Protein chains: 2
Amino acid sequence: MIDDTRQRLIDAAGAIFANNGYEAASIRDICQQASANIAAVNYHFGDKKSLYVAAVRHAQSCADSENPEMTWPADMPPVERLRAHILQMLQRKLEGDKPAWHLGIMLREMAFPTEACAAVVEDYVRPMANGMRAILLDLLGHDFPEEEGNMIGFSIVGQVLFYYVHQPMIRLLIGSDAHDALTVQKLADHITNFSLAAIGLGPSLGHPTLTPPIPIKAMI
Amino acid sequence: MIDDTRQRLIDAAGAIFANNGYEAASIRDICQQASANIAAVNYHFGDKKSLYVAAVRHAQSCADSENPEMTWPADMPPVERLRAHILQMLQRKLEGDKPAWHLGIMLREMAFPTEACAAVVEDYVRPMANGMRAILLDLLGHDFPEEEGNMIGFSIVGQVLFYYVHQPMIRLLIGSDAHDALTVQKLADHITNFSLAAIGLGPSLGHPTLTPPIPIKAMI
DNA sequence: ATCGGATTGAAACAAGTGTTTGATTGAGAG
DNA sequence: CTCTCAATCAAACACTTGTTTCAATCCGAT
């Protein structure tokens, strides 16, 4: 591994950037956590900003590889594809397996964008949006008006991202116990059922006795 | 106005903190924008962090006063209260009348909390959450299970906050034209209809021919 | 073994940070 | 007028920041 320190720098930088933000992260802290010399970052990357975009790009590429095209079985009904899609989005953040900073640094870009935001959108957000759009077109019909389809997609993703971005606020609001009780599976089921009911493909919440008939087209 | 410069400092600091974040905002920039001396911030507030929390507290108090208890007419049906509530939340951010930083600095706290986050939650988020809870209890019945009610509230607020937080990402994703076409009124109508359909109190989107009957209880 | 380019190391650099100092101003009170 | 005290100002403080320098080191190729 010839670029050992280079990779160690990216890992340390990504974690610190994701936790503290770009400005609050100091090169000295990054190098210390990476067990590298202070000059290493300038030798391998040129300057701080280039190290930052390298960390973002690494997070993107890892997200791509961790994300096997999200290609569900072709015979999977679209309703179940939506359910699996929502569950997977939630799992990726709230049940972070290894490097929690991969999504953290991209969420920071999306909320308070720097010049690396456009790359994040093109390489990460747009493929995911296209996946969501494909599911929605199967659910709603391929002649569905684009603007309304966009808003429906935003409504679904917005529910998911809410638990991404405002996790600490939710914990303060409802308390640690109630927050811990909101398991990923419970949230995914709720968001899926809420959204399916909204577009008329599932029983509505709140008044469970009412189950509107489901169009035959979307059941296949 | 004896505390003229003190107020000018809070205004300038709030705007710069909201735009650049805490670390990236320099006291010299703030003082220059406030037409105050560099020593003024330490004279009036003590240090940078105290100035920051003063700006957050000012944003909270202003949000309170701008927000007249959100007390709708008592005879307003809960469905219309929800619609008005959602519209008002969206208007406050996307049609910012005067100081756009009041919500920006609080959104920053909610997404990447500092020690001032708890105060924001208690003084700003919790009253708004209680208002939403009151509407939902009227809509769903006052014996509705708390956890599911929380998740429904989060689903509604999450849709709204999505357009708050990820506005720049949405613009990059769907383009400036399509983004400008998403007027506040259009978004509010969509989120309201989407959410009402989800809880079984309105026609579902996507398959407009289906209009499930609305329970009598919630129509009053 | 020796050369040469790649990598690392400690130290210093200039610039910027938040903070403090002490003199200076200004206006109201005695 | 004189005294007083709060407010402002320019200047400097101590410190951290990102960046650079140049010698020391490593390691494979000759």
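Colleague: Where do I start with the pattern of salt bridges in this structure?
Modeller: It is possible for side chains of opposite charge to pair when their charged atoms get near one another. All names here are of chain A. Per the stated rule, a full pass over the model turns up 14 salt bridges over all chains. Put simply, glutamate 122 and arginine 126 hold a salt bridge, and the shortest N to O gap is 2.8 Å. One end of the pair is glutamate 122 and the other is arginine 126, both in helix H7 (residues 117-140) and 4 residues apart, which spans about a single turn. Judged by its relative accessible area of 25%, arginine 126 falls in the partly exposed class. One continuous salt-bridge network, built from bridges that share partners, spans Glu80, Arg83 and Asp189.

Colleague: Is there a simple way to explain the environment of B:Val165 in this structure?
Modeller: Summarising the element assignment, B:Val165 is placed in helix H8 (residues 146-165). For the pair formed by B:Val165 and B:Gly104, sequence separation is 61 residues and the distance between their alpha carbons is 9.0 Å. Setting aside chain neighbours within four positions, we find B:Val165 in contact with A:Met110, A:Ala111, A:His166 and B:Leu107.

Colleague: How do you make sense of the protein's contact with DNA strand C when you look at a structure like this?
Modeller: Neighbouring DNA strand C are 15 residues; A:Thr5, A:Tyr43, A:His44, B:Ile27 and B:Lys48 lie closest to it. The share of sugar and phosphate among atoms of DNA strand C within 4 Å of the protein is 52%. In the environment of DNA strand C, a phosphate oxygen lies 3.4 Å from a nitrogen or oxygen atom belonging to the side chain of B:Asn42. Of all the secondary-structure elements, those providing two or more residues to the surface near DNA strand C are helix H3 (38-44) of chain A together with helix H2 (27-33) and helix H3 (38-44) of chain B. Residue composition of the surface near DNA strand C, by class: 6 nonpolar, 5 polar and 4 charged.

Colleague: Please explain the relation of the copies chain B and chain A as it appears in this structure.
Modeller: What relates the pair of chain copies is a rotation about an axis plus a shift along that axis. The two copies are related by a screw operation: chain B maps onto chain A through 180 degrees of rotation and 0.0 Å of translation along the axis, at an RMSD of 0.1 Å. Such a combination of turn and shift is consistent with a two-fold rotation axis. Closest approach to the rotation axis among the C-alpha atoms of chain B is made by B:Ala198, whose C-alpha sits 2.0 Å away. Mapped onto chain A, 100% of the interface residues of chain B are again interface residues, and the two copies thus contact each other with one and the same surface.

About the thresholds
Position numbers for residues start from 1 in each chain and track the written sequence from start to end. All chains are assigned letters beginning with A, and all ligands numbers beginning with 1, in the order in which they are written. Reporting in this predicted model follows two pLDDT cut-offs: at least 70 for local features of residues, and 80 or more for side-chain atom pairs to be given and counted; totals over whole chains, interfaces and linings ignore these cut-offs and use all residues. Side-chain calculation: all heavy atoms of the structure are included, whereas hydrogens and water are not. When a carboxyl oxygen of Asp or Glu lies within 4 Å of a side-chain nitrogen of Lys or Arg, that pair is called a salt bridge. Helix and strand labels come from DSSP, where a helix needs a run of H or I of at least four residues and a strand needs a run of E of at least two; each type is numbered from the N terminus. Categorising residues by exposure relies on relative accessible area from a 1.4 Å probe, with only protein chains included: less than 20% of the type maximum marks a residue as buried, more than 50% marks it as exposed, and the intermediate range marks it as partly exposed. Any two residues whose heavy atoms approach within 4.5 Å are treated as being in contact. Here a residue is considered near a molecule or strand provided that any single heavy atom belonging to it is located within 4 Å of it. In the analysis that follows, any N or O atom pair within 3.5 Å is treated as a polar contact, provided that within protein one partner can donate a hydrogen and the other can accept it, and provided that, for residues neighboring in sequence, both atoms belong to side chains. Ten residues, namely Ala, Val, Leu, Ile, Met, Phe, Trp, Tyr, Cys and Pro, are considered nonpolar, four, namely Asp, Glu, Lys and Arg, are considered charged, and the remaining ones, Gly among them, are considered polar. To superpose the copies, least squares is applied to the C-alpha atoms of every residue with a pLDDT of at least 70 in both.

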